[in-house]
Amino acid sequence: MPKPAKTDRNASIAADAQPSLEMVRVWDRVVRGFHWALVLSFVTAWLTSHSSEDVHYWAGYTAAGLVVTRLVWGVLGTPYARFSQFVRDRETVLRYLWALLHGREARYIGHNPAGGAMILMLITAMGSTALTGWLMTTDAYFGVSWVETMHSLSAHGLLLLVLFHMGGVVMASFRHRENLVRAMITGRKRKAEPADIA
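Quick caveat, the model's predicted, so the values are computed rather than measured.

Enquirer: When you look at the environment of H102 in this model, what are you seeing that I'm missing?
Expert: Counting through the fold element by element, H102 comes out in the loop between α5 (90–101) and α6 (113–135). H102 gets classed as partly exposed once you look at its relative accessible area, which sits at 37%.

What follows is the structure, encoded as structure tokens:
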């Protein structure tokens, strides 16, 4: 009799040590579609900036439309899509980054505070890039140097943010043992555990 008890105890400890495999729906179709369509628009615009003017313009217009859609969905969308769920004040973001540097950051089911801040920066940079790109096609601002400079700075700043975003996704995936790229495809993440923030 003692042996089975010990085996049951070991199995219980092993089960507690492993994360739950039960999945929950987090990202809806609009969020996922927006994300991957914006990736495609940005890559297309970047690669055609000096080779195909028409494709470059349409990629920019598509990106602008996606940003507007995301702004609306950030107010009217499903719970994890709403800005009210993941946009946090500066102090919360800084506390999260401090915890991240020390390896003590909590796992969030939705966007963590740094991820939420990154989304706002990416949307702003994409909006600025699209707006200045459009201005360059108008009679009033065609050939105006400061508009061209702003467009270039916005585009290059956006690329830098994308690289930081990708690094953050890799880090969070590694630290919390979940594939965030797959989660943005399937919409599902591992359900919240006691120490996680839902």
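Enquirer: What's the story with the nonpolar core in this structure? I'm lost.
Expert: The tendency in soluble globular proteins is for nonpolar side chains to be buried side by side. In terms of nonpolar packing, the biggest core is built from 16 residues, with L38, L122, I123, M126, L158 and L161 touching the most fellow members. Sorting the residues of this core by element identifies α2 (29–47), α3 (53–76), α4 (83–86), α6 and α7 (145–175) as the ones contributing at least two each. Sorting elements by how many residues they give to this core places α6 first, with 6 residues. Not counting the four nearest positions on each side in its chain, M126 is found in contact with L38, F42, A63, V67 and L158. With 8 residues, the next largest nonpolar core counts V26, Y80, A183 and M184 among its residues.

Enquirer: Would you take a moment to explain unusual backbone geometry for this structure?
Expert: Backbone geometry follows two general trends: most residues other than glycine have a negative phi, and most peptide bonds adopt the trans configuration. Positive phi, close to 55°, is recorded for R177, a residue that is not glycine. For R177, the position within the fold is in the loop between α7 and α8 (180–186). Under the relative-accessibility criterion, R177 is labelled exposed at 53%.

Enquirer: Just to check I follow, could you spell out the packing of α2 against α3 for this structure?
Expert: What describes two packed helices is the angle between their axes and the distance between those same axes. At their nearest, the axes of α2 and α3 sit 9 Å apart, and the two run at 155° to each other. As summarised for this structure, α2 and α3 are arranged roughly antiparallel, according to the angle between their axes. Regarding α2 and α3, the two cross each other, and that crossing is left-handed. Between α2 and α3, the contacting residues are V30, V31, F34, A37, L38, S41, T44 and A45 on the first element and V55, H56, A59, T62, A63, L66, V67, R70 and W73 on the second. For the contact of α2 with α3, the per-class residue count stands at 12 nonpolar, 4 polar and 1 charged.

Enquirer: How do you make sense of the layout of surface pockets when you look at a structure like this?
Expert: Vacant regions in the atomic arrangement are exposed by a probe of water-molecule size rolled over the atoms. Here the second largest pocket defines a volume of roughly 680 Å³. Lining the second largest pocket are 31 residues, and of these A45, S49, H56, M136 and H151 lie nearest its centre. Here the lining of the second largest pocket gets 7 residues from one element, more than from any other, and that element is α3. Grouping the amino acids of the lining of the second largest pocket by side-chain chemistry returns 14 nonpolar, 15 polar and 2 charged.

Enquirer: Just checking my understanding: could you explain α2 for this structure?
Expert: Each full turn of the α-helix corresponds to 3.6 residues, which orients residues three or four apart in the same direction. For α2, built from 19 residues, the straight-helix expectation of 27 Å at 1.5 Å per residue is met to within 8% by its first-to-last C-alpha distance of 27 Å. Residues of α2 that are buried: V31, R32, F34, L38, S41, F42 and A45.

Enquirer: Sorry if this is basic, but what is going on with the pattern of salt bridges here?
Expert: Where side chains of opposite charge bring their charged atoms close, a pairing between them can arise. Applying the stated criterion to the full structure yields 7 salt bridges. Two residues, E22 and K191, come together in a salt bridge whose shortest N-O distance is 3.3 Å. One end of the pair, E22, is in the loop between α1 (2–17) and β1 (23–25); the other, K191, is in the segment after β2 (188–190), and 169 residues separate them in sequence. The class of E22 is partly exposed, set by a relative accessible area of 47%. A salt bridge links E193 to R190; its shortest N-O distance comes to 2.8 Å. Residue classification places E193 among the partly exposed residues on the basis of a relative accessible area of 25%. The buried category is assigned to R190, whose relative accessible area is 7%. It is possible to trace a salt-bridge network through shared partners that takes in R107, E178, K189 and D196.

About the cut-offs
Residues numbered from 1 in each chain as written. Predicted model: local features only at pLDDT ≥ 70, side-chain atom pairs only at ≥ 80, totals over all residues. Heavy atoms only, no water. Helix = DSSP H or I, 4+ residues; strand = E, 2+ residues; numbered from the N terminus. Buried < 20%, exposed > 50% of the residue type's maximum accessible area, 1.4 Å probe, protein only. Core = buried A, V, L, I, M, F, W, Y, C linked by side-chain atoms within 4.5 Å. Contact = heavy atoms within 4.5 Å. Axes fitted to C-alpha atoms, helices over the stretch in contact; angles between N-to-C directions. Parallel < 35°, antiparallel > 145°, perpendicular 65-115°, else oblique. Left-handed = near helix turned anticlockwise from the far one by under 90°. Nonpolar A, V, L, I, M, F, W, Y, C, P; charged D, E, K, R; others polar. 1 Å grid on protein atoms, 1.4 Å probe; cavity = no way out; pocket = protein on both sides within 12 Å on 5 of 7 lines; lining within 4 Å. Points joined across faces, edges and corners; volume = space filled by probe spheres on them. Expected span 1.5 Å × (residues − 1). Salt bridge = Lys/Arg side-chain N within 4 Å of Asp/Glu carboxyl O.

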